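# Fold and geometry: a report
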Amino acid sequence: MTVPSSIVVLTGAGVSAESGLSTFRDKDGIWAQVDYREVATPQGFARNPAKVHDFYNWRRRNMANVHPNAAHFALARLEREFRGNFLLVTQNIDELHERAGSQKLIHMHGEHAKALCASCKARRPWREDLSIELACPDCGAVGSMRPDVVWFGEMPYRMDEIYVALSGCNLFVSIGTSGTVYPAAGFVSEARATGAHTVELNLEPSNGCSLFSEARHGPATKMVPEFVDELLSATF
């Protein structure tokens, strides 16, 4: 592998699984237990906002008992010590990357710890429960506050910035993703198109594994620190 000057890392639910957070698409994952159409679509929120709030309130409260793992800390170290351009893009809505020390970070699917007003589109940090009785602190609309997360059928955040970074990187690393959720599943093709070396680090081969230049499989807490050690050793 050529020593890179610009790195883009994509993380999915697999990077947080060893911290105790359930993945979504595994046979025992969240969507095997909960119908995503009821809690993760604009239509589901319109039909039954209280149910959607209950789902996300429970997940938000549970974050107090979850902590970053070795993979999160290794990626924060990579950002801190790598001398070139670096961007971490996560599909996760947890804040484990931030708690491990990551700063150059885009949450393309939003964040647990933020709320969005469906009326005025204002967003703000939010750690308390949301409910249909709440009034928006910005516009005063009642019942319009929702989790600031990207639901099925909605456009992920900051895609222009992500594509610019992909077009300029010479190393793209995908960690803990299923390779089935677009547009993130297409990032490897975007990076390959500009000649980047592409690496998959995953518990098992993803749906898009064959698109990567290199694939390494095993637990994130083992694979990611090893890869970061190898990469930083090569760049100094």
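Here, every reference points to the structure presented above.
My aim in this report is to walk through the structure given alongside it, one point at a time. (Residues numbered from 1 in each chain as written. Predicted model: local features only at pLDDT ≥ 70, side-chain atom pairs only at ≥ 80, totals over all residues. Heavy atoms only, no water.)

## Thoughts on the overall build of the protein chain
Put simply, the test is: By the criteria applied, helices consist of DSSP H or I runs no shorter than four residues and strands consist of E runs no shorter than two, each listed in order from the N terminus. Between the two quantities, the radius of gyration covers C-alpha atoms and the globule rule is 2.2 Å times the number of residues to the power 0.38. Exposed residues in this analysis have more than 50% of their type's maximum accessible area, buried residues have under 20%, and partly exposed residues fall in between, with area computed by a 1.4 Å probe over protein chains only.
Of the regular secondary structure elements, the protein chain holds nine helices and nine strands. For 236 residues, the compact-globule estimate of 2.2 N^0.38 gives 18 Å, and the protein chain sits close to it at 18 Å. On the principal axes, the C-alpha backbone points of the protein chain span a range of 55 × 35 × 30 Å. Taken over 236 residues, the protein chain has a buried fraction of 51%.

## Focus on the sheet that holds strand E7 (residues 171-175)
Quick reminder of the rule: Between any two strands, at least two bridges found by DSSP are needed for them to pair. As a rule, the C-alpha atoms of each element are fitted with a line to give its axis, helices using only the stretch in contact, and angles between N-to-C directions run from 0 to 180 degrees. Contacts are assigned to residue pairs that have any heavy atoms within 4.5 Å of one another.
The strand order E3-E2-E1-E7-E8-E9 describes an open sheet built from six strands, whose pairing is parallel. Of all the strands in the sheet, the pair left with one neighbour each is strand E3 (105-107) and strand E9 (214-217). The sheet shows a mean angle of 15 degrees between the axes of neighbouring strands, direction not considered. Pairing between strand E1 (residues 6-11) and strand E2 (residues 85-90): six bridges, direction parallel. In the sheet register, Ser6 faces E2, and the bridge partner there is Asn85. Across the sheet, helix H5 (residues 70-81) touches E1, E2 and E7, and the angle it forms with E2 is around 155 degrees. Set on the sheet, helix H7 (residues 159-168) makes contact with E1, E2, E3 and E7; between it and E1 the angle comes to about 130 degrees.

## Structural notes on the environment of Gly110
Considering the arrangement of structural elements, one finds Gly110 in strand E4 (residues 110-117). When residues no more than four places from it in sequence are discounted, the contact partners of Gly110 are Asn92, Ile93, Asp148, Val149, Val150 and Tyr157.

## Brief notes about the nonpolar core
Cut-off, in case you're wondering: The set of buried Ala, Val, Leu, Ile, Met, Phe, Trp, Tyr and Cys residues whose side-chain atoms join them within 4.5 Å is what this entry labels a nonpolar core.
Residues Ile7, Val9, Leu78, Val173, Ile175 and Val224 are the most contacted members of the largest nonpolar core, which totals 22 residues. Listing elements by their share of this core, those giving two or more residues are E1, H5, E2, E7, strand E8 (197-202) and helix H9 (220-235). The element that contributes the greatest number of residues to this core is H9, accounting for six residues. The residues contacting Ile175, other than those within four sequence positions of it, are Val9, Leu10, Thr11, Gly12, Val15, Leu75, Leu201, Asn202 and Val224. Ranked by size, the runner-up nonpolar core spans 18 residues in total, among them Ile106, Met159, Phe172 and Ala191.

## Brief notes about the packing of aromatic side chains
For clarity, the cut-off: Only the six-membered ring of Trp is used, alongside the rings of Phe and Tyr, when aromatic pairs are assigned; centres must lie within 6.5 Å, and planes under 30 degrees apart are stacked while those over 60 apart are edge-to-face, with the rest tilted.
Counted under the stated rule, the structure contains six aromatic pairs. With 4.9 Å between their ring centres and 85 degrees between their planes, Phe55 and Tyr56 make a pair best called edge-to-face. Residue Phe55 shares its accessibility class with Tyr56, and that shared class is buried. Ring geometry for Phe172 and Phe212: centres 6.4 Å apart, planes at 15 degrees, overall stacked.

## What about the sheet that holds E4?
Taken together, three strands build an open sheet; the order of strands is E5-E4-E6 and the sheet is antiparallel. One side of each edge strand has no neighbouring strand; the edge strands of this open sheet are strand E5 (123-125) and strand E6 (145-149). Looking at each pair of strands side by side, their axes are set apart by 40 degrees on average, direction ignored. Two strands pair when backbone bridges link them, and E4 and E5 are joined in this way by three bridges, in the antiparallel orientation. Each residue of the ladder has a partner; that of Ala115, found in E5, is Arg124. Against the sheet, helix H4 (residues 49-62) makes contact with E4 and E6, and its axis sits at roughly 55 degrees relative to E6, the strand it touches most.

## Observations regarding the side chain of Arg146
Put simply, the rule is: The term polar contact refers here to a pair of N or O atoms within 3.5 Å; inside protein, the definition further demands a hydrogen-donor-capable atom paired with an acceptor-capable atom, and it admits residues adjacent in sequence only when both atoms are side-chain atoms.
Of note, Arg146 is situated in strand E6. Looking at Arg146, the relative accessible area reads 8%, which means it is buried. Looking at Arg146, its side chain comes within polar contact range of the side chain of Glu154, at 2.9 Å. Once residues lying within four places of it in the same chain are set aside, the contact partners of Arg146 are Phe45, His53, Ala115, Leu116, Ala118, Leu130, Trp151 and Glu154.

In short, geometric facts, not functional conclusions.
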